[in-house]
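Here are the chains, one letter per residue:
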Amino acid sequence: MDHHPFQKITHIQTKLMLIFFCTIVIPLIFFGSFLLSQQIITTENEASSSAQRELIQMAEKMSLEFSQIQSISNLFYLDSDLSSFLGDYNNSERKAAKNIHDIDHIVTKYNSGVNNVYFQVAIVALDGKVMGNPMFLNKTPIIQLSEMPWFASIRKTQTNIIWTKDSKLDTLFSSPGYPYVYVVRDLHNLSTGERLGTLIIGISEN
């Protein structure tokens, strides 16, 4: 029994559609999926590489800024005016208030030594008197450094420097919620090695 011509045409069209689907559509789907997955992987790799570059640049910048702050601490350590002031203050029975103002010039002379980094400086004399420019100096004029957990660490060597965080120092340097990190070191008479006081440089974590 012969098939109707229309049925033959429909049958041929079905075969052609099947061939087209198998040879073109399915490969295109797989190839497109492969290209998409490769594009996603490439994009993720590029994003990861970019993030790594930014982290490296940030780390290098922070390392440079930390090195600059440490260099500033060296300048304070070697400052003859600061050494002379602390020697006179520690040896004076009167410890006249007017003499304390002399330190204002000393603690601000190196403010321009670090670009784009705001820092505050506290000088703590042997009697615990705090001098310098911390934000809340008037509220905390005296501190007992011997009670600080890091105090023993800075006594190990004459030029030992530590980086630390301290909630008690935060009350001297900053408002609540704005923590600081600190560079701390003892100050000495460069001729005799006598301990004169302690230098604290505060830098906002921001």
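Computed from a predicted model, the values in this text were never measured in an experiment. (Residues numbered from 1 in each chain as written. Predicted model: local features only at pLDDT ≥ 70, side-chain atom pairs only at ≥ 80, totals over all residues. Heavy atoms only, no water.)

### Some details on a nonpolar patch on the surface
There is a patch of nonpolar side chains on the surface, built from Phe-31, Phe-34 and Leu-35 and spanning about 310 Å² of accessible area. With respect to the helices, strands and loops of the structure, Phe-31 is situated in helix α1 (residues 5–78). (Patch = residues over 30% accessible without salt bridge, like charges linked within 9 Å, V, L, I, M, F, W, Y side chains within 5 Å. Areas by Shrake-Rupley, 256 points an atom, 1.4 Å probe, with all protein chains shown as cover. Salt bridge = Lys/Arg side-chain N within 4 Å of Asp/Glu carboxyl O. Helix = DSSP H or I, 4+ residues; strand = E, 2+ residues; numbered from the N terminus.)

### Re the sheet that holds strand β5 (residues 195–204)
Within the open sheet, the five strands sit side by side as β2-β1-β5-β4-β3. Their pairing is antiparallel. If you trace the sheet from one side to the other, it starts and ends with β2 (130–132) and β3 (161–164), each paired once. Pairs of neighbouring strands in the sheet enclose a mean axial angle of 25°, with direction left out of account. As paired strands, strand β1 (residues 119–125) and β2 are joined by three bridges and run antiparallel to one another. In the sheet register, Ile-123 faces β2, and the bridge partner there is Met-131. (Pairing = 2+ DSSP bridges. Axes fitted to C-alpha atoms, helices over the stretch in contact; angles between N-to-C directions.)

### Some words on the pairing of strand β4 (residues 180–188)
Within β4, nine of the nine residues are buried, which leaves it mostly tucked inside the rest of the structure. As defined by bridge partners, β3 adjoins β4 across four bridges and the pair is classed as antiparallel. Its bridge partner lying in β4, Trp-163 is registered against Val-183. Hairpin connection of β4 to β5: six residues between the antiparallel strands, including Gly-193 at a positive phi of 80°. (Buried < 20%, exposed > 50% of the residue type's maximum accessible area, 1.4 Å probe, protein only.)

### Overview of the confidence of the model for the chain
Of the residues in the chain, 85% reach a pLDDT of 70 or more, and the chain-wide mean stands at 81. Mean pLDDT in the chain bottoms out at helix α3 (residues 97–100), which sits at 55, and peaks at β4, which reaches 93. (pLDDT = per-residue confidence, 0-100.)

### Brief notes about the nonpolar core
One broad trend across soluble globular proteins is that nonpolar side chains are buried collectively. Counting residues in each nonpolar core, the largest one holds 25 residues, and the members touching the most others are Ile-123 and Ile-201. Looking at this core, the elements that each hand over two or more residues are α1, α2 (80–91), α4 (102–108), β1, β4 and β5. Excluding anything up to four places from it in sequence, Ile-123 contacts Leu-82, Leu-86, Ile-103, Val-107, Lys-129, Val-130, Met-131, Leu-187, Thr-198 and Leu-199. Core analysis: the next-biggest nonpolar cluster, separate from the first, contains 18 residues, Ala-122, Val-130, Leu-145 and Phe-173 among them. (Core = buried A, V, L, I, M, F, W, Y, C linked by side-chain atoms within 4.5 Å. Contact = heavy atoms within 4.5 Å.)

### Examining the pattern of salt bridges
As enumerated under the stated definition, the model contains three salt bridges in all. Here Lys-109 makes a salt bridge to Asp-79, at a shortest N to O gap of 3.0 Å. One end of the pair, Lys-109, is in the loop between α4 and β1; the other, Asp-79, is in the loop between α1 and α2, and 30 residues separate them in sequence. When its relative accessible area of 30% is taken as the criterion, Lys-109 is described as partly exposed. Residue Asp-79 is classed as buried on the basis of its relative accessible area, which comes to 5%. Close ionic contact of Asp-186 with Arg-195 constitutes a salt bridge, the shortest N to O distance being 3.1 Å. Overall, Arg-195 belongs to the partly exposed group, its relative accessible area being 21%.

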